[in-house]
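# Reading the structure
Listed below are the residues making up each chain.
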Amino acid sequence: MKFHIVILLLFVLGVSRASGADKLKKNFYKNSCRQAETLVRNITWSRAANDSKLGAKILRVHYHDCFVRGCDASILLDTVGTDAAEKSARPNLSLLGFEVIDEIKSEIEKVCPQVVSCADILALAARDAVSFPFKKDMWEVYTGRRDGRISLSSEVTGNIPGANSNFATLKNLFANKSLSVTDLVALSGAHTIGVAHCGAFSRRLYNFSGNGDTDPSLNQAYAETLKSQCPNPASSTITVEMDPQSSESFDTHYFTAVKQNKGLFQSDAALLTNTASSKIVDSLQKANTFFSQFGKSMKNMGEIEVLIGNAGEIRKNCRIVNA
Ligand code: HEM
């Protein structure tokens, strides 16, 4: 009898997981707004041509969107009234690239009013901005997301891991979003592009365990270089490349750096503190393996708690909910 209940449970769980993965579709706007994906790509590529950092900026915005209330463009909403929006939470103050999403949205509204969601535009633009140097799509983006109507700064902490997170915290926060350790390691590979403010890692350099020490797990020579770039106390304006000399190139160099104990954050270094995750770091040093796994993990991340069907709305303006 018990055995049958287990089988039934497995079946139900299996079915709901499958339908979860089937929520989004390839080319969802094929009939409703044929030009949508091309417009996103053309505008993103033209902006990326003048801003080599755009891929890093928009990729991070998409990640911060998906981890709080799912990929529903809640990160794009401005604060109205007294309830501070996600954007104003501390980890989000350094997000950039919103104006490119606004531009894409306003161009798409001219041809297909209120058809294409801000959440989909963000997911597509993140892919397109990172893909620009390769002149081809680096991963597939399924569409059909709808936009949320709620954005609360108070929901950011506890959902988005901090730079000082250890492996257990990272694993838990990713598992809360149905993402595996493989997804955690592959998606951390996004740190192959972009920059960080000194404050995000200065504790590792100057006060790791509360007595003025440096994190012993950080490569010593690299720690010295970082100290010269980021004097104590941390400046709020200085930034450093997360993957030195390669921070504008989407490649596997991040994993090589992590292996050499040159991961910038404790969260990067933490990937070596677990046997399974450390093996994944090894395997992702191969370019083909990284690109293919990153694509799969982006698809998983892009499906987090998405709103579909009649849920949510299609915003007219990505910064404000519809009246
Ligand atoms: C695993 C947990 C993660 C932690 C603890 C983390 C933490 C951080 C921190 C502290 C910064 C620097 C922000 C600043 O000082 O300006 C940063 C930058 C960045 N993160 Fe992460 N991150 C994580 C995962 C991810 C994921 C999953 C993605 C995307 C898939 C991502 C993409 C980026 C990008 C592209 C930047 C650079 C942004 C820019 O240059 O404008 N991160 N991250």
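About the thresholds
- Residues numbered from 1 in each chain as written.
- Predicted model: local features only at pLDDT ≥ 70, side-chain atom pairs only at ≥ 80, totals over all residues.
- Heavy atoms only, no water.
- UniProt positions renumbered as here; feature names shortened; annotations may be inferred.
- Salt bridge = Lys/Arg side-chain N within 4 Å of Asp/Glu carboxyl O.
- Helix = DSSP H or I, 4+ residues; strand = E, 2+ residues; numbered from the N terminus.
- Buried < 20%, exposed > 50% of the residue type's maximum accessible area, 1.4 Å probe, protein only.
- Donors = N, O, S within 2.8 Å, 3.2 Å for Na, K, Ca; no water.
- Domains from an automatic or database assignment.
- Contact = heavy atoms within 4.5 Å.
- Buried area = accessible area lost by both parts, 1.4 Å probe.
- Phe/Tyr/Trp six-rings, centres within 6.5 Å; stacked < 30°, edge-to-face > 60°.
- Polar contact = N/O pair within 3.5 Å; in protein donor to acceptor, adjacent residues only side chain to side chain.
- Near = heavy atom within 4 Å.
- Nonpolar A, V, L, I, M, F, W, Y, C, P; charged D, E, K, R; others polar.
- Lys, Arg positive; Asp, Glu negative; His and termini not counted.

The name given to the chain in an unreviewed UniProt entry is Peroxidase, with Daucus carota subsp. sativus as the source organism. Of the comments in the UniProt record for the chain, the one headed Function (unreviewed entry) reads "Removal of H(2)O(2), oxidation of toxic reductants, biosynthesis and degradation of lignin, suberization, auxin catabolism, response to environmental stresses such as wounding, pathogen attack and oxidative stress. These functions might be dependent on each isozyme/isoform in each plant tissue." UniProt, in its Catalytic activity (unreviewed entry) section for the chain, records the words "2 a phenolic donor + H2O2 = 2 a phenolic radical donor + 2 H2O".

All right, on to the pattern of salt bridges then. What the rule picks out here adds up to 19 salt bridges. Residue Lys26 is joined to Glu140 by a salt bridge in which the shortest nitrogen-to-oxygen separation is 3.0 Å. Here Lys26, found in the loop between α1 (2–21) and α2 (36–50), pairs with Glu140, found in the loop between α5 (118–131) and α6 (167–175); they are 114 residues apart in sequence, far enough to count as distant. Judged by relative accessible area, which is 38%, Glu140 ranks as partly exposed. The residue Asp128 makes a salt bridge to Arg127 at a minimum N-O spacing of 2.7 Å. Of the two residues examined, Asp128 and Arg127, each falls in the buried class. Each of Asp78, Lys87, Asp102 and Arg319 takes part in one network of salt bridges that share partners.

This part covers the coordination of the iron atom of the ligand. For the iron atom of the ligand, the sole protein-derived donor is His191 (NE2), lying 2.1 Å away. Among the structural elements, His191 can be located in the loop between α7 (181–188) and β1 (195–197).

Our next topic: the domain arrangement of the chain. What the domain assignment lists for the chain is domain 1 (24–158) and domain 2 (167–301). Each of domain 1 and domain 2 has a C-alpha centre, and these two points are 24 Å apart. Facing the 17 residues of domain 1 at the interface are 16 residues of domain 2. When domain 1 packs against domain 2, close to 1,500 Å² is buried across both sides, 77% of that on carbon and sulfur atoms.

This part takes up the packing of aromatic side chains. Applying the stated criterion across every chain yields a total of 15 aromatic pairs. Look at Phe250 and Phe290: their rings are 5.4 Å apart centre to centre, the planes differ by 40°, and that puts the pair in the tilted class. With a gap of 40 residues between them, Phe250 in the loop between β2 (239–241) and α10 (253–259) and Phe290 in helix α13 (residues 287–302) connect regions that are remote in the sequence. In this structure, Phe250 and Phe290 share a single accessibility class: buried. Seen from their ring centres, Phe290 and Phe294 are 5.5 Å apart, and the 55° between their planes marks the pair as tilted. Of this pair, Phe290 and Phe294 both sit in helix α13, four residues apart, roughly one helical turn.

What follows is about the environment of Gln114. Assignment of secondary structure puts Gln114 in the loop between α4 (98–111) and α5. Residue Gln114 is classed as partly exposed on the basis of its relative accessible area, which comes to 36%. Linking Gln114 and Glu313, residues 199 residues apart in sequence, is a C-alpha distance of 8.9 Å. Discounting chain neighbours no more than four positions away, the residues touching Gln114 are Glu109, Ile314, Arg315, Lys316 and Asn322. A polar atom in the side chain of Gln114 sits 3.1 Å from the backbone oxygen of Ile314.

On to the site of the ligand. Taken together, 24 residues are adjacent to the ligand, and Arg60, Gly162, His191, Val195 and His197 come closest. In the environment of the ligand, an oxygen atom lies 2.7 Å from a nitrogen or oxygen atom belonging to the side chain of His197. Among the elements that make up the shell around the ligand, the one with the highest residue count is helix α3 (residues 54–66) (four residues). Split into classes, the residues belonging to the shell around the ligand amount to 15 nonpolar, seven polar and two charged. Mapped onto the domain boundaries, the shell around the ligand takes at least three residues apiece from domain 1 (24–158) and domain 2 (167–301).

Along the chain, the position of Ala48 falls in helix α2. Residues within four places of Ala48 in sequence aside, it is in contact with Leu54 and Phe132.

Relative to the assigned elements, Asp243 resides in the loop between β2 and α10. It turns out Asp243 is buried and unbridged, and the closest side chain with the opposite charge, Lys262, is 9.2 Å from it. Setting aside anything within four residues of it in sequence, one finds Asp243 in contact with His191, Thr192, Asp251, His253, Tyr254 and Ala257.

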